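A structural walkthrough
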Amino acid sequence: TNVDWSPNGKLIASASSDDTVRIWDFETGAPTGTLFGNACDVSCVKWHPDGKRVASGNVVGNLRMWSLDGKLLKRWKGHSNHSVSDIAWSLDGKTLASAGTDGTIALSNDHGERKSAIDTNKGAVASVAWSPDGKLLLVASGGSREVCIWERDGTLGPVLAGHRDSPVSAAWSRDGRRVASVDRFGRSLVWEVDTGVKTEIDIDFQLRNRTGWMAWS
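Residues numbered from 1 in each chain as written. Predicted model: local features only at pLDDT ≥ 70, side-chain atom pairs only at ≥ 80, totals over all residues. Heavy atoms only, no water.

What follows is about the pairing of strand 14 (residues 136-141). Most of strand 14 is tucked away: five of the six residues are buried. Across five bridges, strand 13 (residues 125-130) lies against strand 14 in antiparallel orientation. Opposite Val128, over in strand 14, you have Val139 as the bridge partner. When strand 14 meets strand 15 (residues 146-151), the two strands line up antiparallel, connected through six bridges. (Buried < 20%, exposed > 50% of the residue type's maximum accessible area, 1.4 Å probe, protein only. Helix = DSSP H or I, 4+ residues; strand = E, 2+ residues; numbered from the N terminus. Pairing = 2+ DSSP bridges.)

A word on the sheet that holds strand 19 (residues 188-192). Adjacent strands of a sheet pair through backbone hydrogen bonds, lying either parallel or antiparallel. The four strands lie next to each other as 17-18-19-20, forming an open sheet whose pairing is antiparallel. Two strands bound the open sheet, and with one partner strand each, they are strand 17 (167-172) and strand 20 (198-201). Between one strand axis and the next, the sheet turns through 20 degrees on average, direction left out of account. Judged from the four bridges that link them, strand 19 and strand 20 form a sheet pairing that is antiparallel. Residue pairing in the sheet places Val190 in a bridge with Thr199 of strand 20. (Axes fitted to C-alpha atoms, helices over the stretch in contact; angles between N-to-C directions.)

So this is what it looks like as structure tokens:
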């Protein structure tokens, strides 16, 4: 259901509906480990920036942190009885942001303790991403058809509107000056953060309705 590269680019972590997270060797394609104990479908997975740990979220709102030898380091509740749709570590590795279908962004520390939450009041949250400077959160809000920028203290910043349907993913450019997003019917938009000016990306017709994630090179 979701994959993520390790910081050194040698391993891939995959989240699966068979209740597991698997670690794969990129060069050989062989599995190097399986993380059991999720108890239900795993919806998302992310490497910690130190490359020694993996965090995962599942469809009933639980978050877990694992070591690569398969040891469960911590389990905690991020979103009560709602699916965790996406997770993202801050660049310093101290804060894990989790997006939930309950419309909130939960912020947890790297010890697996939920410290605060942002209630977006915009319906289910599809994705969350930290800005390159680690100060802002980019949130795709499926319930409102908007992409919003939040400060980590819960202050709402720019609201980027223009999608005709629910956005499913949004991502920062490397310099933090632009954001890109895609909705569930494949319409992709790029915004200038300072001005709000948007540009539509022309996607091949055959890919429309099949685009589910957005990333910058």
